[in-house]
Amino acid sequence: MDPIFMKFDHDSTGFKLSGRHQDIDCKSCHTSLVFSELHTASCNSCHLDVHQNSLGKDCNRCHNTASWIVDEMTKIHSENGFPL
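Only a predicted model underlies this, so the values are computations on that prediction, with no experimental measurement involved. (Residues numbered from 1 in each chain as written. Predicted model: local features only at pLDDT ≥ 70, side-chain atom pairs only at ≥ 80, totals over all residues. Heavy atoms only, no water.)

(A) Unusual backbone geometry, seen in detail. One non-glycine residue, Gln 52, adopts positive backbone phi at about 55°. Tracing the backbone shows Gln 52 in the loop between helix H1 (3–7) and helix H2 (73–79). Judged by its relative accessible area of 70%, Gln 52 falls in the exposed class. Notably, Asn 53 is not glycine yet its phi reads approximately 60°, a positive angle. With respect to the helices, strands and loops of the structure, Asn 53 is situated in the loop between H1 and H2. (Helix = DSSP H or I, 4+ residues; strand = E, 2+ residues; numbered from the N terminus. Buried < 20%, exposed > 50% of the residue type's maximum accessible area, 1.4 Å probe, protein only.)

(B) Structural detail: a nonpolar patch on the surface. A cluster of nonpolar side chains, contributed by Leu 33, Phe 35 and Leu 38, occupies part of the molecular surface with about 340 Å² of accessible area. As for its position among the elements, Leu 33 is in the loop between H1 and H2. Under the relative-accessibility criterion, Leu 33 is labelled exposed at 75%. (Patch = residues over 30% accessible without salt bridge, like charges linked within 9 Å, V, L, I, M, F, W, Y side chains within 5 Å. Areas by Shrake-Rupley, 256 points an atom, 1.4 Å probe, with all protein chains shown as cover. Salt bridge = Lys/Arg side-chain N within 4 Å of Asp/Glu carboxyl O.)

(C) Quick peek at the side chain of His 63. Its place among the elements puts His 63 in the loop between H1 and H2. With near-sequence residues (within four places) excluded, His 63 lies in contact with His 51, Trp 68 and Val 70. (Contact = heavy atoms within 4.5 Å.)

(D) Looking closely at the side chain of His 10. Within the fold, His 10 resides in the loop between H1 and H2. Among the polar contacts listed, one links the side chain of His 10 to the backbone oxygen of Phe 15, at a separation of 2.6 Å. For His 10, the contacting residues outside a window of four places in its chain are Phe 15, Leu 17 and His 30. (Polar contact = N/O pair within 3.5 Å; in protein donor to acceptor, adjacent residues only side chain to side chain.)

Given below as structure tokens:
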């Protein structure tokens, strides 16, 4: 790991690196050194919303930073009035 990265506290930005975000290269999000050009810390600022905003912007209702795979899909759909 780069020594400079290890000294930087990413939590101070308001976007804690958790789950898979810890494993990706910094340049995946920081395409330039102008950090003010980054979007807000919403999932769809970096990830494609395959639901086309039909489910709102709270991706954490079904997904987490460990994996985009939804293990409890049937349960989640039942709880939201949309059983499969």
